[in-house]
Amino acid sequence: MSQHPELPFAAAIEVIKSLLPETLQKPRVGIVCGSGLGGIVDCIRDVVLVPYKMIPGFAESTVPGHKSSLAFGLMGPGDGVPVVAMLGRFHPYEGHHMRTVVYPVRIMAKLGVTEVIITNAAGGLNPKLSVGTIVVIHDHLALPNMTGMNPLLGPLTSPRHQRFIPLSDAYSPSLRRLVFLAAHHLSLDPSALAEGTYAWVSGPTYETPAEGRFLRLAGADVVGMSTVPEVLAAREEGLNVMALSLVTNAVVIPDGYRSIREEVLAELAGKRVELPVADVVSHEEVLEIGKAKGEVMMKLVEWVVGSIPCNI
Ligand SMILES: O=P(O)(O)O[C@H]1O[C@H](CO)[C@@H](O)[C@H]1O
Ligand SMILES: Nc1nc2[nH]cnc2c(=O)[nH]1
């Protein structure tokens, strides 16, 4: 009997399988496409799209740059590896329940996926990271998890799951090795791929300067509003996880604040004041960089999928 009657796992699996040829019914690798990174689907052959609206329990993604379909097909050289890609993810800030946010990853596990590659667009906190750099996530800092909003709160979704999930090894070293090998084989400039810690915040607001400074001081290299819930569910399901962030913008962490007081005093003293131009991030900019730099992400994912050994 299902431990989670509100999640229609069996019905979802039945619908998905009924729409796929037998060769695609048991994907090995699951891919989650981040904001503006849906172009990954172009590396998939024999694609069959299954719209979210046809799958019981799935929601619709409401964020620009996120479509709402699962893409099944083959990736990599030779016969190819069967994969399923999420073209569009669910974020808690859209109003989706955490159970809904992680439901697609659980469905992937039920279909037979053993490795999941999670991509996202993120703001760079580490000043050494440039826009366009891809960061291989080796750890995360999840403020919601530390403040009573862990996505795994609540009853277990399966009696097979462990109640307490260790996360010291959440990001598979073997998969991380593969992506650096991929960068070498693809002759990427070494600076194109970095390693770092992802800070998960709920969004939908971007960081204030003080929040950016806080996250940087706490050890985070990039920040975003997704990924960690999917990682937690994937680990609970026993999947190997790799997560990649594309740095789409720099989180501005000024040394100090513009002093309006000083400006007013200077103006009153008859001095000319040069007003600074504020640097403001937008989702349009995030999508633009995703489109412009997404090809590197695509090639890395394709190479890694084609090179995953049988037993990792
Ligand atoms: O993490 P993904 O879905 O790639 O998107 C990132 O970009 C959006 C903000 O521009 C947020 O949703 C943030 O999490
Ligand atoms: N929180 C957050 N998410 C992002 N996604 C893309 N850029 C950013 C950013 O600067 N901050």
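Residues numbered from 1 in each chain as written. Chains lettered and ligands numbered in written order. Predicted model: local features only at pLDDT ≥ 70, side-chain atom pairs only at ≥ 80, totals over all residues. Heavy atoms only, no water.

Engineer: With reference to specific residues and values, describe the confidence of the model for the protein.
Structural biologist: On average, residues of the protein score 93 in pLDDT, and 97% of them reach the 70 mark or higher. Complex prediction metrics read pTM 0.94 and ipTM 0.99. (pLDDT = per-residue confidence, 0-100.)

Engineer: How would you sum up the site of ligand 2? Please name residues and give values.
Structural biologist: Around ligand 2, 13 residues are found, and the nearest of them are Ala121, Gly123, Glu207, Gly224 and Asn249. Between ligand 2 and Gly123, the relevant distance is 3.3 Å, taken from a nitrogen atom to a main-chain nitrogen or oxygen of the residue. Take Asn249: an N or O atom from its side chain is 2.7 Å from a nitrogen atom of ligand 2. Contact with the protein chains removes 95% of the 280 Å² of surface that ligand 2 exposes when unbound. Going through the elements one at a time, β5 (115-124), β8 (222-224) and β9 (240-250) are the ones with two or more residues in the shell around ligand 2. For the shell around ligand 2, the element with the most residues is β5, which contributes three residues. For the shell around ligand 2, the residue count by class is eight nonpolar, four polar and one charged. (Near = heavy atom within 4 Å. Polar contact = N/O pair within 3.5 Å; in protein donor to acceptor, adjacent residues only side chain to side chain. Areas by Shrake-Rupley, 256 points an atom, 1.4 Å probe, with all protein chains shown as cover. Helix = DSSP H or I, 4+ residues; strand = E, 2+ residues; numbered from the N terminus. Nonpolar A, V, L, I, M, F, W, Y, C, P; charged D, E, K, R; others polar.)

Engineer: Can you explain a nonpolar patch on the surface? Please cite residues and give values.
Structural biologist: A cluster of nonpolar side chains, Ile260, Val264, Leu265 and Leu268, forms an exposed patch at the surface whose accessible area comes to about 390 Å². Position of Leu268 relative to the elements: it lies in helix α7 (residues 260-268). Looking at Leu268, the relative accessible area reads 70%, which means it is exposed. (Patch = residues over 30% accessible without salt bridge, like charges linked within 9 Å, V, L, I, M, F, W, Y side chains within 5 Å. Salt bridge = Lys/Arg side-chain N within 4 Å of Asp/Glu carboxyl O. Buried < 20%, exposed > 50% of the residue type's maximum accessible area, 1.4 Å probe, protein only.)

Engineer: Residue-level account of the pattern of salt bridges, with values.
Structural biologist: Considering all chains together, one arrives at 10 salt bridges under this definition. Of the charged contacts, one joins Arg235 and Asp169 as a salt bridge, the two residues approaching to 3.9 Å between their closest N and O atoms. Placement of Arg235 in helix α6 (residues 228-236) and of Asp169 in the loop between α3 (143-146) and α4 (173-185) is noted, with a sequence separation of 66 residues between them. Look at Asp169 and you get partly exposed, because its relative accessible area is 43%. Note that Arg216 is salt-bridged to Asp221, the shortest N-O span being 3.3 Å. Of the residues examined, Arg216 reaches a relative accessible area of 29% and is grouped as partly exposed.

Engineer: Explain the site of ligand 1 to me, using residue names and the numbers behind them.
Structural biologist: Around ligand 1, 13 residues are found, and the nearest of them are His91, Tyr93, Tyr206, Ser226 and His283. Measuring from an oxygen atom of ligand 1, one finds a side-chain N or O atom of Arg89 at 2.9 Å. Burial of ligand 1 by the protein chains amounts to 96% of its free accessible area of 350 Å². When residues of the shell around ligand 1 are traced back to their parent elements, those giving at least two are β5 and α8 (283-307). Within the shell around ligand 1, the residues separate by chemical class into five nonpolar, seven polar and one charged.

Engineer: Go over the side chain of Thr133 with me, naming the residues and quoting the values.
Structural biologist: By the secondary structure assignment, Thr133 is in the loop between β5 and β6 (134-142). Assessed through its relative accessible area of 7%, Thr133 is described here as buried. The contact partners of Thr133, leaving out residues within four places of it in the chain, are Ser191, Ala192, Ala194, Ser245, Leu246 and Val247. (Contact = heavy atoms within 4.5 Å.)

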